[in-house]
Structure formats: C-alpha cells, structure tokens
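# Structure at a glance
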Amino acid sequence: MSYFLGIETSGTQTGVCLLKEETEFLTLNSATAGKHQENLFFFLKQIFSYFQIQPPNLSGIGVTIGPGMFTSLRVGLAAAKALSLPYKIPIKGIDTFLGLVQTFYNLFPEEEETIIPVIDAKKNQVYAQIYKKKEKNSEPVLTFPEEIVKRYPDAIFFGSGIKSYPQVFLPAKRANLFFPLPEVICQ
C-alpha cells in the first residue's frame, strides 16, 4: 500500500496531508501564525493515527522549499528529513510557487488570465512569479508590491502577499488570499 505525506510550512499556515493509494487523503491545515513547531508534530501524530500507520509505511514525502519564511521552511524540512532518514523514504522539495499555482488551478481550472502568486518577503517586498495558461513565464523575483501591480494591472494576484499588502493588491483586478494546500504538495 502506498502512502505519500505532504508538509506545508512556507508561510503562516501549517499543513499536512496523507494520501493513500492516490485516492483517499486526509488534510490537517491551520492558520498557526508561523508557529509550525507547535503544531506540525501534533498534526503528524493525528494523521498517522487516522490511517493507523507508522513512518516506515510512507512511500514518499513532499515538502515546500520556498520561497517563504526561512525559519518556517526549516521546521518543515527538518520534520521531513527526520521522518525520511531512518527509513530511507524519498523526499521531494516542492517550490512554494508551484504549490500555490496548482492550488489556484484546482480552484479555477479554466482560468487563462495572467496569474501572479505573491509571497510576503517582509521589508515591504514580495516574492512573485508570473504564470500564463498554467505555464511559468518568469523566474521568481523580489519586488515591491506597487511595482508588480503597476507592471501587470490586469493580472490575478493571490498568496500571502495579499494579506500583508491589502492596500496595494485588493484594488487590483482580482486578488485572492490563499495558501498552498497540503494535498497539492503530496500529489
């Protein structure tokens, strides 16, 4: 039986997902204000208990690798490595932008506009990456929110940068606040 674990700690959400045989999954996700170390292992214990398995039963682990909050990313990566090393479970790093974009297209599969995930980078800046028709059109950039909105006034913006800079993003054409879903990370 195949079980895949997804861990999301790139921002202020802590999330885990366990996928069984690509059909059944359980997700635990909470707005933890970046306190991942206080919630991640509790979530892991709950999810393993629900499926009545132990870490050696895992076939693989996916974990977000950034961009995101440095300390938060370290918590997720350390947990993935701690589960992986003793049992030689393969780990796959998942780009946070990719997780956001896949989450976006799960919610809006027919969208063809330019979409731009934005992640709070602190110091009045965001990480951003441009996508068009599900294809990456740029490398990740560090920019000021005002600059990216001015440069792409018709784009759809989403991600943690919306919450951090609502005065800039909410007047844009469309803006949505959401985070990568853990079930996307473990697919």
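In what follows, the structure referred to is the one given above.
In this numbering scheme, every chain counts its residues from 1 along its sequence in written order. Totals for whole chains, interfaces and linings use all residues, but because this is a predicted model, local features are given only for residues with pLDDT of at least 70 and pairs of side-chain atoms are given and counted only at 80 or more. Side-chain numbers here rest on the full set of heavy atoms in the structure, without hydrogens or water.

## Here we look at the overall build of the protein
We apply this condition: Runs of E in the DSSP output that reach at least two residues are strands. Runs of H or I that reach at least four are helices, and both are numbered from the N terminus. Whether a residue is buried, partly exposed or exposed follows from its accessible area with a 1.4 Å probe, protein chains only, as a fraction of its type maximum: under 20%, in between, or over 50%, in that order. Whether two residues are in contact is decided by their heavy atoms: any pair within 4.5 Å suffices. The charge count treats Lys and Arg as positive and Asp and Glu as negative. His and the chain ends do not count. Just so you know, the charge point we use is NZ for Lys, CZ for Arg, CG for Asp and CD for Glu.
When its secondary structure is counted, the protein shows seven helices and 12 strands. With the principal axes as the frame, the protein shows a C-alpha extent of 50 × 35 × 25 Å. The 187 residues of the protein split such that 50% are buried. For the protein, contacts bridging at least 24 residues in sequence account for 53% of all contacts bridging at least 6. The protein carries 18 positive and 17 negative side-chain charges, and their two centres are separated by 6 Å.

## Some thoughts on the nonpolar core
Note the cut-off: We define the nonpolar core as a collection of buried residues of types Ala, Val, Leu, Ile, Met, Phe, Trp, Tyr and Cys that are connected through side-chain atoms lying within 4.5 Å of one another.
Judged by nonpolar contacts, the single largest core of 20 residues is most densely connected at Leu5, Ile7, Leu18, Phe48, Leu58 and Ile61. Contributions of two or more residues to this core are made by β1 (3–8), β2 (13–20), α1 (36–51), β4 (60–66) and α2 (70–84). Per-element tally for this core: the top contributor is α1, with six residues. Membership of the second largest hydrophobic core comes to 14 residues, among which are Val149, Phe157, Ile162 and Phe169.

## Describing the side chain of Ser160
Using the following cut-off: Two N or O atoms form a polar contact when they lie within 3.5 Å of each other; inside protein one atom must be a possible hydrogen donor and the other a possible acceptor, and for residues adjacent in sequence the pair counts only when both atoms belong to side chains.
In this fold, Ser160 is placed in helix α5 (residues 160–164). Among the polar contacts listed, one links the side chain of Ser160 to the backbone nitrogen of Asp120, at a separation of 3.1 Å.

## Points about the pattern of salt bridges
Note the following rule: Think of a salt bridge as a Lys or Arg side-chain nitrogen and an Asp or Glu carboxyl oxygen that are within 4 Å of each other.
Taken as a whole and judged by the stated rule, the model has one salt bridge. A salt bridge links Asp120 to Lys122; its shortest N-O distance comes to 3.3 Å. Classification of Asp120 as buried rests on a relative accessible area of 14%. Owing to a relative accessible area of 47%, Lys122 belongs among the partly exposed residues under this scheme.

## Some points on the environment of Ile61
Among the structural elements, Ile61 can be located in strand β4. If we skip the residues at most four places from it in the chain, Ile61 touches Leu5, Ile7, Ala80, Leu83, Ser84, Ile89, Pro90, Ile91 and Lys92.

## With respect to the pairing of β2
The following threshold applies: Pairing between strands is defined by DSSP: at least two bridges between them are needed.
Most of β2 is tucked away: seven of the eight residues are buried. As paired strands, β1 and β2 are joined by six bridges and run antiparallel to one another. Residue Tyr3 lies in a different strand from β2, and its bridge partner there is Lys20. Here β1 folds back onto β2 in antiparallel fashion, the turn holding four residues.

## Details of α2
Short version of the rule: Here the expected span of a helix is defined as 1.5 Å times the quantity of residues minus one. The arc in question is formed by the directions pointing from the helix axis toward the C-beta atoms.
Over its 15 residues, α2 extends 21 Å from the first C-alpha to the last, a length consistent with the 21 Å expected when each residue adds 1.5 Å. Listed in full, the buried residues belonging to α2 are Ser72, Leu73, Val75, Gly76, Ala79, Ala80, Leu83 and Ser84. Down the axis of α2, the sector holding all buried residues measures 160 degrees, keeping them to one side. On the buried face of α2, the contacting elements are β1, α1, β4 and β5 (91–95).

## Examining the pairing of β4
Stated precisely, the cut-off is as follows: Viewed with both strands pointing away, a crossover whose connecting path from the first strand over the helix to the second turns clockwise is right-handed.
Extensive coverage of β4 is indicated by the burial of six of its seven residues. The pairing of β1 with β4 spans four bridges and is classified as parallel. Bridge pairing links Gly6 to Gly62 in β4. Bridge analysis of β4 against β5 gives five bridges, and the strand direction is parallel. Along β5, the bridge assignment pairs Ile61 with Ile91. A crossover connection joins β4 to the parallel β5 through α2; in handedness this β-α-β unit is right-handed.

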